[in-house]
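# A look at the structure
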Amino acid sequence: EAHDVQRLHKLLTASSSSNVASASTSDSRLETLYSKFGIAEIICDGKLIIMKEPSAQEDEGYQPFNGRLGKLRYLGLAVTAAAGAVAADLVQLVLQFPTAQSSSHD
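Everything quoted here is computed from the prediction, not taken from an experiment.

## A word on unusual backbone geometry
- In the Ramachandran plot, Cys 44 falls in the positive-phi region, its phi being about 55 degrees despite a non-glycine side chain.
- Residue placement: Cys 44 occurs in the loop between strand E1 (39–43) and strand E2 (48–51).
- You can call Cys 44 exposed: its relative accessible area is 52%.
- A positive phi angle, near 60 degrees, is found at Asp 45, a position not held by glycine.
- The topology assignment puts Asp 45 in the loop between E1 and E2.

## As for the pairing of E1
- Examined bridge by bridge, E1 and E2 share four bridges and lie antiparallel to one another. Residue pairing in the sheet places Ile 39 in a bridge with Met 51 of E2.

## Let's talk about the pattern of salt bridges
- A complete count under the given rule lists three salt bridges for this structure.
- The closest approach of N and O atoms between Asp 4 and Arg 7, which form a salt bridge, is 3.8 Å. Linking Asp 4 with Arg 7, this pair stays in helix H1 (residues 2–18), spanning three residues, or about one helical turn.
- Judged by its relative accessible area of 26%, Asp 4 is partly exposed.
- With a relative accessible area of 41%, Arg 7 lands in the partly exposed category.
- Across the salt bridge formed by Arg 68 and Asp 4, the nearest N and O atoms sit 4.0 Å from each other. Of this pair, Arg 68 sits in helix H3 (residues 67–83) while Asp 4 sits in helix H1, and the two are 64 residues apart along the sequence.
- Three or more residues joined by partner-sharing salt bridges are found here, namely Glu 1, Asp 4, Arg 7 and Arg 68.

## Points about a nonpolar patch on the surface
- Together, Leu 72, Leu 75 and Val 79 make up an exposed nonpolar region whose accessible area comes to about 280 Å².
- When you line up the elements, Val 79 lands in helix H3.

Cut-offs applied
Residues numbered from 1 in each chain as written. Predicted model: local features only at pLDDT ≥ 70, side-chain atom pairs only at ≥ 80, totals over all residues. Heavy atoms only, no water. Helix = DSSP H or I, 4+ residues; strand = E, 2+ residues; numbered from the N terminus. Buried < 20%, exposed > 50% of the residue type's maximum accessible area, 1.4 Å probe, protein only. Pairing = 2+ DSSP bridges. Salt bridge = Lys/Arg side-chain N within 4 Å of Asp/Glu carboxyl O. Patch = residues over 30% accessible without salt bridge, like charges linked within 9 Å, V, L, I, M, F, W, Y side chains within 5 Å. Areas by Shrake-Rupley, 256 points an atom, 1.4 Å probe, with all protein chains shown as cover.

Have a look at this one:
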């Protein structure tokens, strides 16, 4: 998703810089892009995506993040919260740390 945003942003800014007369059209296209993906702005030459602040007023607080990236952000938050209780076990399973074994020297 982030790659799509960066690619589309680059295309829109390149087309707006080559055609100065359609600056307002380009701005509205950028706003549409930002709205679709749920981002506030793109900075650092298109490399850093700034996400919108969550809102408890929209959707009665049910979906605090908007857009495609916002929904992924919400999913990531839910997965993080769900995994918090078993985080140590997950790390052990994912990274395959050695477990303590009884040795014959004990």
